[in-house]
Amino acid sequence: MWVVSEIHASVPPRGWNSYDSFCWTISEEEYLQNAQLISQKLHAHGYEYAVVDYLWYRKLVPGAYVDSLGYDVIDEWGRVIPDPGRWPSSKGGKGFKEVAKKVHDMGLKFGFHIMRGISTQAVNANTPILDITTGKAYVESGKVWHAKDIGITERACGWMKNGFMSVDTKLGAGRAFLKSLYHQYAEWDVDFLKHDCVFGDDFELEEITTVSGILKGLNRPIIYSLSPGTSATPSMAKQVAPLVNMYRVTGDDWDYWGDVASHFAVSRDFAAASLIGGSGLLGKSWPDLDMLPLGWLTDAGANEGPHRNSSLTLDEQKTQMTLWSMARSPLMFGGDMRKLDDTTYRLITNPTLLEINSFSSNNKEFPYITSAPQFQFLEEGVKFQTRSLKYAGESEKLILGLASCHDPKAKGWFSQVVDTNLEQVCWRWGSRSRKFEPFCLYKTESFLQSDEDAMYSEKYQGKLHLHARNRKGFCFDTSSKRKLTSNEHKRASFSPCRLDANQMWELSNNGTLVNSYSGSCASMKVMKANAVPGGIRSWIATGRRGEVYLAYFNLTPAKTVISTTVSSLTKAFPAINFGSCSCKEIWSEKDYGTLQHSLSASVESHGCALFILTCT
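So, a few notes on the structure that sits alongside this text. (Residues numbered from 1 in each chain as written. Predicted model: local features only at pLDDT ≥ 70, side-chain atom pairs only at ≥ 80, totals over all residues. Heavy atoms only, no water.)

Quick look at the sheet that holds strand 1 (residues 14-17)
Spelled out, the test is: The rule for pairing is simple: two strands pair if DSSP sees at least two bridges between them. Put simply, DSSP marks the helices as runs of H or I at least four residues long and the strands as runs of E at least two long, and each gets a number from the N terminus on. All axes are obtained by fitting lines to C-alpha atoms, using only the stretch in contact for helices, and the reported angles, taken between N-to-C directions, cover 0 to 180 degrees.
Spatially, the nine strands line up as an open sheet ordered 14-15-13-12-11-3-2-1-18, and their pairing is mixed. Two strands close off the open sheet at either side, each with one partner strand: strand 14 (278-280) and strand 18 (331-333). For this sheet the average axis-to-axis angle between neighbouring strands, irrespective of direction, equals 25°. Where strand 14 lies against strand 15 (residues 283-288), three bridges are found, and the strand directions are antiparallel. Its bridge partner being in strand 15, Gly280 is matched across the sheet by Gly283.

Below you can see the structure in the form of structure tokens.
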């Protein structure tokens, strides 16, 4: 049986999540069927969390979908509760209490997904706020507080605008509402909470801080996870890592090669920032590369359960599992357990991968590798090439998007007057990009017109609405309207101008253009048209028994020989005598014997090789 220490999240959390196979439509019966199989087949391999993903409170009826409004089940205090149509044991105000007990009786831990702040439905109903100390409505300064007093309508979730909005945590009533939520979850005996729309593009540090403090004060340990993390940066992560136990650093990962390949640069950067296994809530915290979309799945945003196999090839699945393990990402399997095939089972329970994931250290990208396409090796002799190949004929395009305001690349905006009635905010390209003309957006007058809007005029004083030359009446908007997948880039959208923090911008003296909603900054990027992450990659780590793990990854469309030298390995770990190492590759089970001068392997397209080096 898998045993770890009592330190909270001492190793990357491991379990199952319903999203990849059921989207939001899972029922109590389907969930418990999956949980029982996790207990029987995966628990012995360290998979201990069974997590219900989002919208468990939404009625599964015609008209209900991911961003519909008015189909959620809420209690008298405006808190979402399980839909009794799908979760019959929740009737009578029981919530998830009985489901959690059944999961615990299986030897597993229970978790579910939550959204930011408060639901739009509760704000529209203007429900009172519960004071958990009195069991009555929250009263402060002689006033009974309600949902409309704390909901910030202009800070709705970017990809679920009809669903949820931020609460004002500066207000005692706002903090009281959040406290009533998380104390209720603790009463349901939850062990894992996946908090969505508060990180990355939708950064809500104040809410994360408030929730972390509430969880720290509870009498039961709860894993605190943030999701998703589109446009998340290491500098942003350093602000939240001590407050949580895991945090997504990508958009949604689905079963497409582009999604898998997009994780290599991200995982490299977070490892280089020493964020793997850093200090976290009551223990440690882990950058999260998202769930494993393997086995029997549904489709993103679907209103139905699993109906197809993962579209990743076996080599691509091995690459994903190997990278997730070498980067020590939490492992959350997403396939329907009721149709778990032997190949998928062997992959997600591979003992070497799980050992690396839980107990390796010094994990980092290993840059000292060369490659040669397989056909050159066979017909022309080895012609080593670096992984920084430049391919001719690629066109470039400009992308207006978001970046961390701490990123030097976000600095370059300036204001210029075109005529007496027209002013621009423009991007100044660096010396390497002089071939591009300045990119400019046009300032517009604030869209604060009605009496209701007037209350926001002071709040947004000095903030700008911006529009493109040919899109007057449509303002630059950071809202994505949906979750982005991992290989998609956060780009600008232009929506009808309105009172919305997504559309409010402030030009800072340091040349950054700051968004009022996300706290992120606008930036311009030069991207290769139709570019897909490619080349070769390698990761290296040390094991708890002194072994060294070395992984080669071939991201190219052709079979490739990847190599390194003993002297290059020494650059990674100078204290190890690599000349005395024996070597075995786990996927082929090939014994490479004692290392001599170099280590080469022929790696399939989109595949990987994983070596264990045992040195004396």
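Focus: the state of the cysteines
Applied cut-off: Disulfides are defined in this document as cysteine sulfur pairs within 2.5 Å. Only protein chains enter the accessibility calculation, which uses a 1.4 Å probe. A residue is then buried if its area is under 20% of the maximum for its type, exposed if over 50%, and partly exposed in between.
A complete count under the given rule lists three disulfides for this structure. The disulfide partner of Cys157 is Cys197, and the S-S distance across this bridge is 2.1 Å. In this structure the cystine formed by Cys157 and Cys197 twists about its S-S bond by roughly 100°; its chirality is therefore right-handed. Pair noted here: Cys157 is in the loop between strand 9 (151-156) and strand 10 (164-167) and Cys197 is in the loop between strand 11 (192-196) and helix 7 (205-216), with a separation of 40 residues, a long-range link. Here Cys157 matches Cys197 in class, with each residue buried. Disulfide pairing is shown between Cys581 and Cys615; the S-S distance is 1.7 Å. One disulfide, between Cys581 and Cys615, carries an S-S torsion of 95° and so falls in the right-handed class. Separated by 34 residues along the polypeptide, Cys581 in strand 34 (residues 581-585) and Cys615 in strand 37 (residues 608-615) bring together distant segments of the chain. Cys581 sits in the buried class, given a relative accessible area of 0%.

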